[in-house]
Amino acid sequence: MERKHFECLLFIGFDKINFATTLGLHHSIKTKHIYHFCSDAEALYDAMKGFGSDKEAILELIASRSNAQRQEIRAAYKSQFGKDLIDDLKYELTGKFERLIVGLMRPPAYHDAKEIKDAIKGAGTDEKCLIEILASRTNEQIHNLVAAYKDAYDRDLEEDVIGDTSGHFKKMLVVLLQGTREEDDVVSEDLVEQDAQDLYDAGEAQWGTDEAKFIMLLGNRSVTHLQLVFDEYQKIAEKSIEDSIKSELSGDFETLMLAVGLYQCIVIFPICLQGLGTADNTLIRIMVCRSEIDMLDIRECFRLRYEKSLYNMIQDDTSGDYKRTLLKLCGGDDDIAGEFFPEAAQIAYKMWEISAMTKVQLRGTVRPYQNFDPASDAQALRKAMKGFGTDEDTIIDIVANRSNAQRQEIRQTFKSLLGRDLMADLKSELSKNLERLILGLMMSPAEFDAKMMKKAMEGAGTDEHALIEILVTRNNQEIQEMCSAYQNAYKKSLEDAIASETSGHFKRILISLAQGTREEDPADMARALEDAQELADACNADSGDLEDRFMSILCTRSFPHLRRVFQEFVRCSNKDIEQIIKKEMSGDIKNAMFAIVRSVKNQPSYFADRLYKAMKGLGTDDRALIRIMVSRSEIDLFNIRKEFKETHDASLHEFIQGDTSGDYRKILLILCGGED
């Protein structure tokens, strides 16, 4: 299947969780106790003899045996029939199904060796494959891999990796290839504070970065030890180690260090099923190598991060015998149950705790222009629109590179200096999406939000997603200013407009949010426990008031408080708040509640997802694209960009470049602020 730009190695990780101690790892393929390898060898031979092959029999048998049992079957096949089973499977099967079945038949170390050999052969290098394998294997697995590589290809793995990589990325891979990292039960308590200080001194505390210190510590200390170091680091730096790695390092080296330092084993997992193409080689590699180790944990982490089960992703994005085998390896659909097994509940609980504790520094992409002269800008804009034709480049350069406050000064100066309405002039000179974007930038934030709310409710249909997005993500002051701007512009209250265009529980949710009276206090732990229990009781009750009880808490409590509520909800119910909303609610109510939870968890990530949906597929939702780019450019568009890149392995810049054109694209790219 075509890879396109959706092949990515993302980390389904919840920063700094020590999974080695938190989880009892769960696998989907178990040793079949009643089986006979000679009978299985004969069954496989029968499935492949004659014209055609019985693929169903092959996949059922191979996907139901452990790797150790498959090796016994392979040996029995050779002794009974004098043929190599893998050679026969390669001959009888084709395509992705063949690669998957053959991968299952190889011993783990030889499978890893083959994957790494494929990753470094030819013109390019698959750095993500190297990262995924070398960052997630134990010392013993690394030693077995090195030996298998030598046996299979008569080459030294370290030499081949050195020949195909460079810089700090190469050095870290070589460190990992030694297989000498401290085991997970090793913690040097006397070194924790010093290691944290050394990491801080190597990065945040100085100009430039001492990469060698990062390599030495992250490449040699145990995961358990590093967990304590990272907790101490956050106290010293007042930011997470993840944020520091992202700001101090770059490229494949950054990705590798994140994988080694933060996201061990079960959380190194690709979103190879997201978007328009599936990275089948990566998918096959993960499903083969983790099915007997931690596939159930991966499934749960996948669902937590992407709000959809791995089973359903596979079902939607693959087909035929290939799909049937993958689903068998996956082992079940987590969307059906909606509950956690105990260790996964610990992950979810820890995830919300980290979300509550982490301080995220929000950054926009548009800043005030240093040598600002409103009179000069007003004159330049007038000149750009005077006479025959319009100088769009000048308009774009001025409007996109000024802060909103500066644009308001330009509007006033334009009127007082030239006696003209700048907005009216721009509207007459520009057209289509460029006009809508420029005018949106020239409005005050409250005017723009009021306009977007009006657009979402006018005409034949209502854009419920726009209403949800705006009302969920604005603070009280922004909502109150928007309501005033709506009243001034349209001589009608926003509440009345919402009431006339929506209905039922959804209407009540929107009207509640439109009051702009959400609590702003920090989390109250005693009350958070009460609220969590109230939500848990609502899920278990048959009274039919689930929506009312969710609305009374989710629409009124402060975001810091809700983070604690959702954390304690896991403990009270053993359920995932997002999964409950998806399972128990529907339509616009579900979308509104889901948006609140996503915004509470990570608002830049919520906006990144909205942008992705606006541009994926055949058409572009330009109204949503304009709305987010305008409203977030001075607040958190830089953070949104980072989330977009991490989630979709393609930059927001790339998406805009591919989905828009002309002057409209030009100004969007300026607002975007750079290529990640």
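As the structure is a prediction and not an experimental result, all values here were calculated from the model.

(A) Representation of the packing of helix 12 (residues 192–202) against helix 13 (residues 211–220) in the model. Where helix 12 contacts helix 13, the axes come no closer than 9 Å and their chain directions differ by 150°. In terms of orientation, helix 12 lies roughly antiparallel with respect to helix 13. The handedness of the crossing between helix 12 and helix 13 is left-handed. In this structure, helix 12 uses D195, D198, L199 and A202 to contact helix 13, whose residues at the interface are K213, F214, L217 and L218.

(B) Summary view of unusual backbone geometry. Phi is positive for K432, close to 55°, though the residue is something other than glycine. Taking relative accessible area as the criterion, K432 reaches 66% and is therefore assigned exposed. At K491, a position not held by glycine, the phi torsion is positive, near 55°. Among the structural elements, K491 can be located in the loop between helix 30 (476–490) and helix 31 (494–501). What makes K491 exposed here is its relative accessible area of 66%.

(C) Up close: the nonpolar core. Among the nonpolar cores identified, the biggest contains 108 residues, and M453, F550, F566 and M629 are the most heavily contacted of them. Excluding its chain neighbours within four sequence positions, the residues that come into contact with M629 are L611, L637, L652, I656, L668, L671 and C672. A135, L173, F253 and L256 belong to the second largest nonpolar core, which has 44 residues in total.

(D) Geometry of a negative patch on the surface. A surface patch of like charges, here negative, comprises E140, E183, D184 and D185. If you trace the backbone, E140 turns up in helix 9 (residues 139–153). By relative accessible area, E140 is classed as exposed at 59%.

(E) Quick look at the packing of aromatic side chains. For the coordinates displayed, the defined rule picks out ten aromatic pairs. Both rings, one in Y45 and one in F81, keep their centres 4.1 Å apart while their planes meet at 5°; by these two values the pair is stacked. In this pair, Y45 sits in helix 2 (residues 37–48) while F81 sits in helix 4 (residues 67–81), placing the two residues 36 residues apart along the sequence. By the ring-pair criterion, three or more aromatic residues cluster together here, those being Y45, Y77 and F81.

(F) Region of interest: the confidence of the model for the protein chain. Scored by pLDDT, the protein chain comes out at a mean of 87, with 89% of its residues at no less than 70. The weakest mean pLDDT in the protein chain belongs to helix 1 (residues 19–22) at 40; the strongest belongs to helix 29 (residues 464–473) at 98. Every residue in residues 1–24 scores below 50 in pLDDT, and together they form 104 contacts with partners more than four places removed in sequence or on other chains. The low-confidence segment residues 264–268 (pLDDT under 50) makes 29 contacts with residues lying over four places distant or belonging to another chain.

(G) Main features of helix 3 (residues 55–62). The complete set of buried residues in helix 3 reads I58, L59, L61 and I62. Across the axial projection of helix 3, the buried residues extend over an arc of 165°, all falling on one side. Its buried side turned inward, helix 3 meets helix 2, helix 4, helix 5 (85–92), helix 6 (95–105) and helix 20 (320–330).

(H) Local environment of the pattern of salt bridges. As enumerated under the stated definition, the model contains 41 salt bridges in all. Two residues, R420 and D425, come together in a salt bridge whose shortest N-O distance is 2.8 Å. The exposure class of R420 is partly exposed, given its relative accessible area of 33%. Each of E56, D321 and R324 takes part in one network of salt bridges that share partners.

Analysis parameters
- Every residue gets a number counted from 1 within its own chain, in the order that chain's sequence is written.
- Since the coordinates come from a predicted model, pLDDT governs what is reported: local features require at least 70, and pairs of side-chain atoms require 80 or more to be given and counted, while whole-chain, interface and lining totals use all residues.
- Each side-chain value is worked out from all heavy atoms of the structure, with water and hydrogens disregarded.
- Where helices are involved, their axes are fitted lines through C-alpha atoms of the stretch in contact, as for all axes, and angles between N-to-C directions lie from 0 to 180°.
- Starting at the N terminus, helices and strands are each numbered in turn, a helix being any DSSP run of H or I of at least four residues and a strand any DSSP run of E of at least two.
- Here roughly perpendicular refers to angles of 65 to 115 degrees, roughly parallel to angles under 35, roughly antiparallel to angles over 145, and oblique to all remaining angles.
- In this scheme the crossing of two helices becomes right-handed for a clockwise turn of the near helix relative to the far one and left-handed for an anticlockwise turn of less than a right angle.
- Contacts: residue pairs with any heavy atoms within 4.5 Å of one another.
- Exposure is judged per residue with a 1.4 Å probe applied to protein chains only, and the accessible area is read against the type maximum: over 50% gives exposed, under 20% gives buried, and values in between give partly exposed.
- Note on terminology: a nonpolar core comprises buried Ala, Val, Leu, Ile, Met, Phe, Trp, Tyr and Cys residues joined through side-chain atoms within 4.5 Å.
- What makes a patch is a set of residues exposed beyond 30% relative accessible area and free of salt bridges, joined within 9 Å when like-charged and within 5 Å when nonpolar (Val, Leu, Ile, Met, Phe, Trp, Tyr).
- Surface exposure here means Shrake-Rupley accessible area, sampled with a 1.4 Å probe, where a residue is shielded only by the protein chains that are shown.
- Here a salt bridge means any side-chain nitrogen of Lys or Arg lying within 4 Å of a carboxyl oxygen belonging to Asp or Glu.
- We treat Lys and Arg as the positive residues and Asp and Glu as the negative residues; His and chain ends play no part in the count.
- Charge positions come from single atoms, namely NZ of Lys, CZ of Arg, CG of Asp or CD of Glu.
- Note on aromatic pairs: the rings of Phe, Tyr and Trp (six-membered ring only in Trp) are paired at centre separations within 6.5 Å, and the planes decide the class, stacked below 30 degrees, edge-to-face beyond 60, tilted for the rest.
- Confidence scores per residue from the predictor, reported as pLDDT, run from 0 to 100.
- By definition, the arc is the one covered by directions from the helix axis to the C-beta atoms.

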